[in-house]
Structures are given as C-alpha cells and as structure tokens.
Amino acid sequence: MENGRKNWVNGANGQEHETPSNITIKGIIGLLVANIDADEKRRVISLGMGDPSAYSCFHTTPVAEEAVVHTLQSQKFNGYAPTVGLPQTRLAIANYLSRNLPYKLSPDDVYVTSGCTQAIDVSLSILSRPGANILLPRPGFPIYELCAAFRQLEVRNFNLLPEKSWEVDIDAVEALADHNTVAMVIINPGNPCGNVYSYQHLKKIAEIAKKLKILVIADEVYGHLAFGDKPFVPMGVFGTVVPVLTLGSLSKRWIVPGWRLGWFVTTDPTGNFKHPKMVERIKKIFDICGGPATFIQAAVPNIFEQTEDVFFKKTINILKQTSDICSDLIKDIPCITCPHKPEGSMAVMVKLNLSLLKDISDDIDFCFKLAKEESVIILPGLAVGLKNWLRITFAVEPSSLEEAFGRIKCFYQRHSHQQKEH
Ligand SMILES: *Cc1c(COP(=O)(O)O)cnc(C)c1O
C-alpha cells in the first residue's frame with residue numbers, strides 16, 4: 001500500500017511528480033485532467049467525482065433554493081450563529097434523523113458542521129489521543145486517512161468483502177482492535193462500493209463494536225440514496241447497543257455539495273457522549289472551527305419540512321437508471337468486471353483485469369492513459385485503497401454515461417492483446 005502510493009502520481013506521461021503520502025480525490029482528478037492533451041477537442045467526461053450538481057437531471061429541488069433565498073432576504077441571518085449551530089437548525093436535524101430511529105434525538109445531540117467533511121474531522125479530532133488507533137474500511141474514503149494522519153491517529157484497515165456484497169470483514173475487525181482502538185468507521189450506503197448494509201449486518205457491526213468497547217462512526221452522507229432491494233437502515237438504530245456518531249449532510253441527498261451544510265450527531269441514547277467533559281471537548285472544537293453560513297443553516301428547517309417525496313423519488317429513479325446503464329455497459333468491456341451491482345450511493349468499484357491489456361501497467365496507468373486518449377476521467381482504485389481496481393461514479397447524465405463507456409470500450413480495444421495490427 002505505502003509503496004503503491006509512492007509511485008502513484010508518477011503518471012503515464014513518465015514525469016515524476018512530488019509524491020504526497022496522502023492525496024485527495026480532487027487532487028488526483030486534477031492531475032488526470034491536467035494530463036489530457038491540449039489539442040484534444042472532445043468534451044471531458046468525468047466519472048471521477050461524486051458531484052452531479054452540474055447535470056440538469058440532478059438539479060436540487062426549488063424548495064431548497066427558495067428556502068435559502070427567503071432566509072437570505074429576511075436580513076435576519078447576516079450575523080454569527082452559535083458555534084455549535086443555530087438552535088432551530090439543530091432541532092430540525094434532530095427531528096429529521098429521529099424519523100428513522102426507535103428513540104428521539106435532542107437538539108443537544110446535534111452539531112451543525114461545514115459539510116460531512118468537517119463532521120469527519122471533528123469525530124477524529126475528539127477521539128485522538130497519544131497511542132490511539134482507528135479502524136477504517138478498505139476500500140474507503142480518503143478524507144478519513146488524511147484527517148487521521150493530521151491528528152496523529154494510527155489507522156488500521158479492515159477489508160470490505162466484494163464477494164459478500166462489500167460487507168465488513170467482522171473477523172478482521174476483531175483481529176485488528178486492541179485496547180488503544182477508539183472507533184471503527186462504516187460508510188452506508190457505501191462510497192466507493194455502492195453497497196447498502198442490511199439490518200442484520202449492521203447489528204453484527206454493533207455487537208462486535210460493543211464487544212471491543214469501541215464506538216461506531218457511521219458516515220451516512222448517502223443516507224436514503226438506496227435503490228436496490230435493501231432499504232437504508234441508519235446505524236443509530238443500534239445506538240442502545242453501542243455509542244454511534246452519525247455524520248451526514250445535505251450534499252448528496254439534496255445535491256447541493258457546495259452549500260457546506262452537514263451534521264455531527266451523537267446517536268447515543270445511553271448518554272456516553274453526555275459526559276460533561278466530552279461535551280466540553282466537542283464544544284471547544286466548534287469554538288475553533290465554526291460552521292456553515294448562518295442563512296444556509298436557517299433554511300434547514302424549511303428544507304426538511306417542505307421537500308416533497310417526489311424529489312427524492314426522482315433522484316432515486318435516475319440513480320437506479322444510471323447504475324443499471326453502468327452495470328450493463330461494464331459487461332461490454334472485458335477488462336473490467338463488477339463483483340456487486342450497486343444498490344446505493346453514486347459510485348461502484350470494478351476490478352481491472354490487466355492480463356487482457358498489452359501495455360497498461362496498473363490502475364493509475366490505466367486512468368492516466370484513458371484521460372489522455374479519451375478525455376474520460378475515472379478514479380484509480382488505489383485512491384480508495386484498492387490497487388488495480390477503478391471507482392466509477394454513475395451519477396452522470398445517461399447520455400454522457402453512454403458516451404463515456406463507448407470511449408472506454410474503444411480504449412480497451414486499442415490496448416487489448418487481440419487488437420489487429422494496422
Ligand atoms: C461526499 C462524501 C463526504 C463529504 O461530504 P460533504 O458534505 O461534501 O463534506 C463524506 N463522506 C463520504 C463517504 C462522501 O462520499
């Protein structure tokens with residue numbers, strides 16, 4: 001893994017770049033885009049980032065826009081908000097999450113953050129102490145590794161199992177944990193794998209965490225974006241078994257990642273996080289960081305109350321449709337296979353079969369050459385911890401998705417062993 005990262009930015013153009021020990025998805029995509037030939041006339045299609053807001057079929061609901069316009073024009077929200085968030089926003093988030101829980105959250109459980117990203121940083125910050133370690137999924141979401149490194153929190157990775165619909169390798173979690181382990185992270189619905197965990201599997205996760213005396217950080221930024229057979233079950237359902245920190249945001253379900261409105265929530269009815277020292281520590285972090293713009297926070301109660309089900313259904317339908325297109329078109333390209341059809345979120349992991357390609361050395365080489373030759377951006381698996389896999393984002397307009405896969409197929413044909421010499 002470490003070695004893999006070392007030669008990772010050493011792209012297909014053969015140039016050595018400065019090699020960071022960790023890199024963000026945005027950083028990698030920037031490098032891939034920079035590698036596209038200047039005289040390439042075709043439109044760049046990105047299946048790299050989970051930000052579909054540019055596509056008209058993934059436009060947010062007017063209800064959300066109107067709510068923000070209203071709070072902005074009211075002139076009541078031009079000042080600072082309390083650092084932990086506006087009271088009405090905390091209450092609205094508590095009520096929103098409580099709809100799917102067997103108990104009721106209080107506004108005091110909720111801290112308003114600058115997107116889910118800040119909620120991740122806050123979680124890892126409050127848990128870090130000398131010698132502590134945290135268990136992260138592989139494949140995973142790079143921000144966790146970045147935050148952990150910054151807070152000097154040791155990372156131990158457990159695998160997600162592709163043959164078991166990307167479930168957590170529970171035995172591995174048990175083997176990795178020791179008395180310095182503070183938490184394990186799950187991302188459900190999953191990024192990068194597009195999986196959704198069943199009630200039974202979440203229960204097993206809660207039980208192992210309880211046994212190991214660690215807490216569960218549940219990244220539910222894709223909460224409710226499930227379109228397969230399994231419904232989305234929030235980890236907080238098991239909050240009475242094990243303390244859970246629930247992280248989320250408006251970014252994905254409302255398709256407004258630029259609004260930077262997220263939450264850090266102690267879904268913990270037994271009150272582990274109510275300890276005055278813990279509350280003090282959390283509040284201190286928020287005193288330092290502050291949260292999203294006050295008028296965006298103020299719009300949240302209306303956004304939750306007024307967003308109609310048809311908006312959510314429309315998003316789910318289009319994600320179902322684009323994920324189906326994606327799964328079908330993957331079958332058309334022999335060098336990539338998908339072990340598990342996506343059931344949620346906006347991305348899927350596919351395995352790269354390098355033996356079918358004559359001049360591609362690894363996933364990074366594949367992505368750099370694909371960008372250069374076809375103006376299609378895909379994330380190398382190494383960016384999420386799996387070498388020689390690829391992460392494909394399917395939250396893209398259907399026509400662009402089809403065009404992108406057409407180009408990937410041409411790329412495959414050009415680089416396959418079977419290609420006839422001209
Ligand atoms: C997008 C994403 C985030 C970050 O969410 P923001 O609200 O944009 O900060 C966190 N975790 C996962 C798994 C994500 O996909």
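Criteria and thresholds
- Residues numbered from 1 in each chain as written.
- Predicted model: local features only at pLDDT ≥ 70, side-chain atom pairs only at ≥ 80, totals over all residues.
- Heavy atoms only, no water.
- Domains from an automatic or database assignment.
- Contact = heavy atoms within 4.5 Å.
- Buried area = accessible area lost by both parts, 1.4 Å probe.
- Salt bridge = Lys/Arg side-chain N within 4 Å of Asp/Glu carboxyl O.
- Polar contact = N/O pair within 3.5 Å; in protein donor to acceptor, adjacent residues only side chain to side chain.
- Helix = DSSP H or I, 4+ residues; strand = E, 2+ residues; numbered from the N terminus.
- Nonpolar A, V, L, I, M, F, W, Y, C, P; charged D, E, K, R; others polar.
- Pairing = 2+ DSSP bridges.
- Axes fitted to C-alpha atoms, helices over the stretch in contact; angles between N-to-C directions.
- Near = heavy atom within 4 Å.
- Areas by Shrake-Rupley, 256 points an atom, 1.4 Å probe, with all protein chains shown as cover.
- pLDDT = per-residue confidence, 0-100.
- Disulfide = S-S within 2.5 Å.
- Buried < 20%, exposed > 50% of the residue type's maximum accessible area, 1.4 Å probe, protein only.

**Considering the domain arrangement of the protein chain**
- Each domain of the protein chain was delimited in the assignment, giving domain 1 (3–59 + 310–415) and domain 2 (62–306).
- Distance from the C-alpha centre of domain 1 to the C-alpha centre of domain 2: 27 Å.
- Listed per partner, the contact involves 35 residues of domain 1 and 32 residues of domain 2.
- For the pair domain 1 and domain 2, the summed buried surface comes to about 2800 Å²; carbon and sulfur atoms form 69% of the total.
- The largest contributions to the domain 1 side of the interface with domain 2 come from F312, E343 and S345, which together make up 22% of the buried area.
- Remark: the boundary between domain 1 and domain 2 carries one salt bridge.
- Between K230 and E343 there is a salt bridge; the shortest N-O distance is 3.0 Å.
- For the pair domain 1 and domain 2, the interface holds twelve residue pairs in polar contact (both at pLDDT 80 or more).
- Every element with two or more residues in the side of domain 1 that touches domain 2 is listed here: helix 11 (309–331), strand 11 (347–352) and strand 13 (389–393).
- The element that contributes the greatest number of residues to the side of domain 1 that touches domain 2 is helix 11, accounting for seven residues.
- Looking at the side of domain 1 that touches domain 2 residue by residue, the classes come out as 19 nonpolar, eleven polar and five charged.

**What to know about the sheet that holds strand 11**
- On the basis of which strands lie adjacent, the open sheet formed by five strands has the order 1-12-13-11-10 and mixed pairing. Since the sheet does not close on itself, it has two edges, and those belong to strand 1 (45–47) and strand 10 (336–337), each with one partner.
- Of the pairings in the sheet, the one linking strand 12 (residues 376–380) to strand 13 comprises two bridges and is antiparallel in character. Note that in strand 13 the partner of P380 across the bridge is L390.
- Along the sheet, helix 2 (residues 25–34) contacts strand 12 and strand 13; its crossing angle with strand 12, the most-contacted strand, is approximately 140 degrees.

**A closer look at the site of the ligand**
- Not every one of the 14 residues close to the ligand is listed here, only the nearest: T117, N191, D219, S251 and K252.
- A distance of 2.6 Å separates an oxygen atom of the ligand from a polar atom in the side chain of T117.
- Contact between the ligand and R260: an oxygen atom at 2.8 Å from a side-chain N or O atom of the residue.
- Relative to its unbound accessible surface of 390 Å², the ligand loses 93% to contact with the protein.

**Quick look at the confidence of the model for the protein chain**
- Looking at the protein chain as a whole, its pLDDT mean stands at 92, while 94% of the residues score no less than 70.
- The model gives residues 1–7 a pLDDT under 50, and that stretch makes ten contacts with residues more than four places away or in other chains.
- Below a pLDDT of 50 lies the segment residues 9–21, which in the model reaches 18 contacts outside its immediate sequence neighbourhood of four places, other chains included.

**Some words on the state of the cysteines**
- Tallied over the entire structure, the rule returns zero disulfides.
- Between C116, a free cysteine, and C147, which holds the nearest cysteine sulfur, the sulfur-to-sulfur gap is 10 Å.
- We classify C116 as buried; its relative accessible area is 7%.

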